[in-house]
Amino acid sequence: MQLLQSLEERMKAWNSTQLMGDLFLKLLPFLRIYSIYTSNYERSSSTCQELLEHNPAFHAFCNDKATNEARCHLAPLNSFLILPVQRIPRYRLLLEDLVKHTAPAHPDYKHLEESLVTINQVAKEVNEEMKAQEARKKLLDMQARVGSCFQLVAPHRVFVREGLVWKVCRKTNKRRTFLLFNDLLIYGEDTLAYGFSFHRKIDVDVMCVKDHPDSPTLKNAFSIGSSQKSFITFTDTPEEKAEWLAALNDCLEQYRKRQRSFSNVEHANSKAFQAPVWQTDSEVVECTMCKVPFSMLNRRHHCRLCGFVVCGTCSAQKMPIPAFTDKQRVCITCFSMYNDAVAAPSPATPPPTSAAAPSSVPQPTQAPSPRGPPPRPPPLTQEQRVHGQ
C-alpha cells in the first residue's frame, strides 16, 4: 500500500524528469520476507484443497465469499494464495520494461538499473530458500520411507538423486533402489509388504567411482568402491548412466572442496584401502587356487582381499584387513603375501641375528594349505567377472 500511495502521488505531479526508481529501491529489500510464504505455498495450497474436498463448512464459506464479495470476482481461494508468489516475478518484469524504455540520460535510469539488480538478487535468494525448503521436506519424506533402520535427517544432508540401478551380485544381477545424498549413498530394495529394505550405506569420503566402457557383454556399467564393499552396477540406458556418473562425481568433487576448505592437505581418499569386486559364483566351477571342482561338500568362498572364489581349504586362514574390526577370510596366496610382509625386516632396523622371530612381530594364525600356494591366476577383466570367462 505504501508503494501504491507513493506512486499515485508521483503520478499527480508527473513531469518528464519525475523519479520512480528510488521508490522501488526503498521497497525491494523487504521482499525477502516473501521467502517464508513461498516456501510454504505448496503446503498451504494442498491443505486448502484438502479442506475444500473434505470440510463442507469450509467449502460453503469459500463459495459464499467468492460469490457475494465483489472484490473476489468469483475467483476461488487458491487463485489468491498464489498472488504473493507471483509478485516478485511481476516486479522484475515491470522493472525490465522501465529500464528498456528509459533513456540512459534520464535522472531515473540509474535508480531503475539498481532496482533491477536488487530484484534479481531477491528473486535468487527466494528461489534458493524454496529449493532448500523442498530439500528438507524431501529428506523428511525419505526418512519416513527408510524408517528407523538408518538416521537420514541431518543439518548438512541434502537429497541429490534416486533411481533403480542394476547391481551385479554373486549369483545373479539384481535391481536395487539407490538413494544419493551429498555425503552418502544408500541402496536397498523396495518391497510391497515392508516398504524400503535397507541394505548398505557408503560414505562419500571413502567412495570411489569408475566408468567402464561398453563391451558386447556389458553395457552402461560403472563401479562403486569403498573400504568395505565394492561392486559393479549398470543402468538400462546410456543417459541414465551419464546422469548417475555426473551426480556421483559431483558429490565427490563437492566433498573434496569441503575438505580443502578445512585443511590445506589433500584428502588421501585414493590411498585408502578399497574392497575388491567379488567374482560371481556362476563364472567359476572350480577353486581358483587348487582347481578342485565345487560341489555340495566343496563350497565356494570369497577371498576378502582379492575377491577370487576359492574352496574352504584354500581359504581357511584369516588376516587383518583395513576397515574391518575382525580378521577376514583370505586365500592362501594373499595370506602368504601377508606373512612375507610381516616377516620382512624393517629398512630402519637390522635383521635379527637369532633364528627366532621377534616377539613384536605378529605370527600367522594358521599355516598355509598343504597344497602350497600356486601361482596367482591371470586377472579377470570386468566383463569376465560379470559374465564368466
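Residues numbered from 1 in each chain as written. Predicted model: local features only at pLDDT ≥ 70, side-chain atom pairs only at ≥ 80, totals over all residues. Heavy atoms only, no water.

### A few points about the overall build of the protein chain
When helices and strands are counted, the protein chain shows 11 helices and 11 strands. When contacts within the protein chain are restricted to residue pairs at least 6 apart in sequence, long-range pairs at least 24 apart make up 53% of them. Working note: accessible area of the protein chain is about 23700 Å², and carbon and sulfur atoms make up 57% of it. (Helix = DSSP H or I, 4+ residues; strand = E, 2+ residues; numbered from the N terminus. Contact = heavy atoms within 4.5 Å. Areas by Shrake-Rupley, 256 points an atom, 1.4 Å probe, with all protein chains shown as cover.)

### Concerning the packing of helix H7 (residues 83-100) against helix H8 (residues 109-146)
The N-to-C vectors of H7 and H8 enclose an angle of 155°; their axes lie 9 Å apart at closest approach. Relative to H8, H7 is oriented roughly antiparallel. Of the two possible hands of crossing, H7 and H8 adopt the one that is left-handed. Across the interface between the two elements, Ile88, Tyr91, Arg92, Leu95, Glu96, Leu98 and Val99 from H7 touch Tyr109, Leu112, Glu113, Ser115, Leu116, Ile119, Asn120, Val122, Ala123 and Val126 from H8. Residue classes in the contact of H7 with H8 are distributed as 12 nonpolar, two polar and three charged. (Axes fitted to C-alpha atoms, helices over the stretch in contact; angles between N-to-C directions. Parallel < 35°, antiparallel > 145°, perpendicular 65-115°, else oblique. Left-handed = near helix turned anticlockwise from the far one by under 90°. Nonpolar A, V, L, I, M, F, W, Y, C, P; charged D, E, K, R; others polar.)

### Brief notes about the environment of Phe308
Within the secondary structure, Phe308 is located in the loop between strand S8 (301-302) and strand S9 (309-310). The exposure class of Phe308 is buried, given its relative accessible area of 6%. (Buried < 20%, exposed > 50% of the residue type's maximum accessible area, 1.4 Å probe, protein only.)

### As for the sheet that holds strand S2 (residues 173-181)
The seven strands are arranged S4-S3-S2-S1-S7-S6-S5 in an open sheet whose pairing can be described as antiparallel. The outermost strands of the open sheet, each flanked by one partner alone, are strand S4 (195-203) and strand S5 (208-212). Geometrically, the sheet is characterised by an average inter-axis angle of 35° between neighbouring strands, direction not taken into account. Both S5 and strand S6 (residues 221-225) contribute to a ladder of five bridges, which runs antiparallel. When the bridges of S6 are listed, Val209 appears paired with Ile224. Strand contacts of H8: strand S1 (159-168), S2, strand S3 (184-191) and S4, with the helix running at about 140° to S2, the strand carrying the most contacts. (Pairing = 2+ DSSP bridges.)

### What to know about unusual backbone geometry
The backbone of Asn220 sits at a positive phi, close to 60°, despite the residue not being glycine. Residue placement: Asn220 occurs in the loop between S5 and S6.

### Notes on the pairing of strand S7 (residues 231-234)
Here is the key point about a regular strand: its side chains alternate between the two faces of the sheet. The alternating pattern of S7 places Phe231 and Thr233 on one face and Ile232 and Phe234 on the opposite face, and all of these are buried. Bridge count between S1 and S7: two bridges; the pairing is antiparallel. Within the sheet, the bridge partner assigned to Lys167 lies in S7 and is Thr233. As judged from the four bridges shared by S6 and S7, these two strands associate in the antiparallel manner. Paired with Ala221 across the two strands is Phe234, which belongs to S7. Connecting S6 to the next strand, S7, in antiparallel fashion are five residues.

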